[in-house]
Amino acid sequence: MGGPPGESAVRQPSFRGEGGTLFGIHIVNVLFTLGTLGVYYFWAKTRTRRFLFSQTEFEGDRFAYHGTGQELFMGMLKALLVFGVPLLVLRVIREDLDVHTGIKIMAGILSSVVGVSFVPVAIVGARRYRLSRTSWRGIRFSFRGRMWPLLKIFISGTLLSLVTFGFYYPYFLVRRQTFLLSQSYFGNERFDFSGNGRDLMEPFVLAVLLTPFTLGFYWFWWAASKRRYFWGHTRFGAASFRSTVTGGALLGLYALNALILLCTLGLAWPWVKVRNIDFAYRYLTLVGPLDLERIQQQAQFPSTMGEGLAGFFDTGFDLA
Amino acid sequence: MRQGLEVTPAGGRTRLWPYAEVRQTQGSYVGEEVRLERGGRMPEILVVEDLRFLQSLHELAPEFSRRFHNPARRGRRLRLTILAAAGVITLSAAIYLWVIPFLAARVAMQVPVAWEEQLGKSIVTYLAPPAKRCADPKLVAAIDTIVGRLTASAPGSPYTFRVYIVDVPVFNAFAAPGGTVVVFRGLLERTDSPEQLAGVLAHELQHVVQRHSTRAIVQHTSSGLLIAALTGDVTGPLAYGLEAARVLGQLRYSRDAEEEADTEGLKMLLAARVDPAGMIAFFKALDKKSDKESDALKYLSTHPSDRDRMAALTALAAKHPLQPVKLLPEEDWSELRNTCGAAGPAR
């Protein structure tokens, strides 16, 4: 509304890469990973990511990934130190040593606490690392959220969901999304998320009621609603995102993926990955004025521990 | 004059980018523009759309050509991919067949006996509860004699060997990690001589000594990692297929373990001067029972077929002729083997 016609421009990301190229990268990755009995895994992951990012184009320019295999490797070591060793020690106390039962119970509780805090730490760490190693037109992204607020969101989300028999869940999703997005930056400009849990309540209740009746298929429509809602309430400056994905399209994507993978015994995995990325971009647009002149570099370089953990659960290149 | 690129932005002054300081970060793949960077963490970036730029670079600055991708060599990529695929297949097979068993055996040997005993304790308590163990003193003494003779040939073992007979009419026996062997009454009553029981015990004791259960745990984890490395992160229906592959793979390892238990068990009998004919006769009887087992089932089985086992053991025994010393010569075995059910379980 208002402003010259150029300001209501619709922009879309696109993926230029091909499944065949990714397969070539993957097979060499596998060869070296096997040959080094797994050590190469971190460098393999970096190679794949670098390819996927640099084949993503927006407004005529490609993204770039600046991470290194060494950083991922060090991150994994740190994760082992901070989580692995305490968990192991607590386990030994609980099961193998001959100590007072009270101490064993304490060790058990501590283990659960350490285990539960793993997820928000992994999420925040991974996001912070990945965004800080991503750039477009030379400007780096960044994530400035901290782990403690997310941990609180997770804990309160779990407790409240239990108490409300699950009805709190949409509110939890929105709170999580708000945290993840509104602390994400491109240069010095922040992303913004303005959703409300109440808006997701209706699709969620519908999903809970209909999914058992439709043998689980309705889940695709719920996933599409959620994606449309999340993107639709995400803004960057004066522009806002829009997703037009539908449940039917999602179902079609997954069904064909499953067929392809089954017929090729999983070997066509790189083509499936490219299909998924193509699909994600096809339904995603950015509408409105994009004042890139204002944006300045404000790169942040955090530690890479969280990435090592989330490496085990692949959360993917995904701003949502 | 240093060799490099002269970069002149519109309305700006010319600067020199020495080749030695320039990195190419994009432009190796079809459709990608050439992206050159110079500097540290926040580099200066130059994007060139025309791929022929790379060719020119190679012509003009051949000493630096290693820093830049050569588009003329893209044809090699297909051949390299095929080679890599062949390499992957070979390497995976080698790892599955040799590396994993080798590593698993070594790692299993390092596991402390106390950990194995801990693991075995819960299994034994569940499957052989004290209330169901046969406590007839004559039987217990006889079993102890047999076990004593068998283990005398392996004096330095860190294990405390225990054998329990369980009053359950099942035809089975197993070894728990840590040194405990459980024999069910159903199997005991089918043995015709103490030498036959000794054969079964020797086999099971070798499972303990060779640490097969611990090895299996390591193998299971390693094969999971191997499959993960090959297929990338896979979820959904394909994951089940992979799990089936993993289980089949594990069956091969368990057949290897059984063969090892057979062979080493026979050697244990020979070292204890127990007549191996008993062990062989026992398997012959087993083989007669399962006559209709086909070769296809062999691959689905955790044990090699009884016929194969008998053949292997006969061959091994023939190589080491022996003057055996009879086990329990004063006892009537056909009476002794039935004392479990008759006397009833422990009080």
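Quick notes on the rules
Residues numbered from 1 in each chain as written. Chains lettered and ligands numbered in written order. Predicted model: local features only at pLDDT ≥ 70, side-chain atom pairs only at ≥ 80, totals over all residues. Helix = DSSP H or I, 4+ residues; strand = E, 2+ residues; numbered from the N terminus. Buried ≥ 20, exposed ≤ 12 C-beta atoms within 10 Å, placed from the backbone. Contact = placed C-beta atoms within 7 Å. Rg over C-alpha atoms; globule rule 2.2 N^0.38 Å. Core = buried A, V, L, I, M, F, W, Y, C linked by C-beta atoms within 7 Å. Expected span 1.5 Å × (residues − 1). Arc of directions from axis to C-beta. Pairing = 2+ DSSP bridges. Axes fitted to C-alpha atoms, helices over the stretch in contact; angles between N-to-C directions. pLDDT = per-residue confidence, 0-100. Parallel < 35°, antiparallel > 145°, perpendicular 65-115°, else oblique. Left-handed = near helix turned anticlockwise from the far one by under 90°. Nonpolar A, V, L, I, M, F, W, Y, C, P; charged D, E, K, R; others polar.

Time to look at the overall build of chain B. Counting its secondary structure elements, chain B contains 13 helices and eight strands. Of all 347 residues assigned to chain B, the portion counted as buried reaches 29%. Across chain B, the fraction of contacts at a sequence separation of at least 24, relative to all contacts at a separation of at least 6, is 63%.

With that settled, the discussion passes to the overall build of chain A. Regarding its fold elements, chain A presents 11 helices and 11 strands. Rg of the C-alpha trace for chain A: 22 Å, near the compact-globule value of 20 Å for 320 residues, within the 12% margin. A buried classification covers 34% of the 320 residues belonging to chain A. In chain A, once contacts between residues fewer than 6 apart in sequence are set aside, the share between residues at least 24 apart is 68%.

Ranked by internal contacts, the top residues of the largest apolar core, which has 45 residues, are Ile165, Val182, Val183, Ala198, Leu201, Leu205 and Leu269 of chain B. Per-element tally for this core: the top contributor is helix H6 (residues 194-209) of chain B, with eight residues. Each residue touching Leu269 of chain B, except ones within four places of it in the same chain, is listed here: Ala198, Gly199, Ala202, Val274, Pro276 and Met279 of chain B. Ranked by size, the runner-up nonpolar core spans 22 residues in total, among them Ala64, Val274 and Ile277 of chain A together with Ile95 of chain B.

All names here are of chain B. With 14 residues, helix H11 (residues 306-319) should reach 20 Å at 1.5 Å per residue; the first-to-last C-alpha distance of 20 Å fits that figure. When H11 is considered as a whole, its buried residues turn out to be Arg309, Met310 and Leu313. Seen along its axis, H11 keeps its buried residues to an arc of 95°; they face one direction. Facing away from the buried side of H11 by over 90 degrees, the exposed positions are Ala315, Ala318 and Lys319.

Here we take up the sheet that holds strand E8 (residues 180-184) of chain B. Residues and elements named next belong to chain B. Strand order in the open sheet made by the three strands is E6-E8-E7, with mixed pairing throughout. Bordering the open sheet on either side are strand E6 (162-166) and strand E7 (173-176), each of which pairs with just one other strand. Looking at each pair of strands side by side, their axes are set apart by 20° on average, direction ignored. Pairing between E6 and E8: five bridges, direction parallel. Residue Tyr164 lies in a different strand from E8, and its bridge partner there is Val182.

On to the sheet that holds strand E3 (residues 22-26) of chain B. All names here are of chain B. With antiparallel pairing, the three strands of this open sheet are ordered in space as E3-E4-E5. Whereas interior strands pair on both sides, the edge strands pair on one side only; in this sheet they are E3 and strand E5 (44-48). When strand polarity is set aside, the average angle formed by the axes of neighbouring strands in this sheet is 30°. Across four bridges, E3 lies against strand E4 (residues 34-38) in antiparallel orientation. Its bridge partner being in E4, Val22 is matched across the sheet by Arg38.

This part is about the confidence of the model for chain B. Of the residues in chain B, 90% reach a pLDDT of 70 or more, and the chain-wide mean stands at 82. What the predictor reports for the complex is a pTM of 0.76 with an ipTM of 0.72.

Turning next to the confidence of the model for chain A. All names here are of chain A. Chain-level statistics for chain A give a pLDDT mean of 85 and a share of 91% at 70 or above. Note on residues 1-5: pLDDT is under 50 here. Beyond four places in sequence and across chains, it has one contact. Note on residues 309-320: pLDDT under 50 across the span, and 22 contacts to partners over four residues away in sequence or across chains.

This brings us to the packing of helix H4 (residues 137-152) of chain B against H6 of chain B. Residues and elements named next belong to chain B. Here H4 crosses H6 at 55°, and the two axes come no closer than 10 Å. Judged by the inter-axis angle, H4 sits oblique to H6. Note on packing geometry: the crossing formed by H4 with H6 is right-handed. Packed against H4, whose contacting residues are Ile146, Val147 and Leu150, the element H6 presents Pro194, Leu197, Ala198, Leu201, Ala202 and Leu205 at the interface.

Let us look at the environment of Gln118 of chain B. Residue position: Gln118 of chain B is located in helix H3 (residues 113-127). For the pair Gln118 of chain B and Pro329 of chain B, spaced 211 residues apart in sequence, the C-alpha separation works out to 37 Å.

Attention shifts here to the interface of chain B and chain A. Counting residues at the interface gives 26 residues for chain B, matched by 24 residues for chain A. Mapped onto the side of chain B that touches chain A, the elements with two or more residues apiece are E3, helix H2 (75-110), helix H7 (212-231) and helix H8 (237-271) of chain B. With nine residues, H2 of chain B is the single largest residue contributor to the side of chain B that touches chain A. Considering only residue class, the side of chain B that touches chain A consists of 14 nonpolar, nine polar and three charged.

All names here are of chain B. Sheet analysis places E4 next to E5, joined by five bridges and oriented antiparallel. Residue pairing for E5: Leu36 is matched across the bridge by Leu46. Where E4 hands over to E5, the hairpin turn is made up of five residues, of which Gly39 adopts a positive phi near 125°.

So, about unusual backbone geometry. Most of the time, phi is negative for any residue but glycine, and the peptide bond is trans. With a phi close to 55°, Leu215 of chain A is a non-glycine residue in the positive phi region. Despite not being glycine, Arg211 of chain B shows a phi value in the positive range, around 60°. Along the chain, the position of Arg211 of chain B falls in the loop between H6 and H7.

Residue and element names in this part refer to chain B. Along the chain, the position of His207 falls in helix H6. The class of His207 is buried, set by 22 C-beta atoms lying within 10 Å. Sequence separation between His207 and Thr221 is 14 residues; the distance between their C-alpha atoms is 20 Å. Setting aside chain neighbours within four positions, we find His207 in contact with Ala175, His212 and Ala261.

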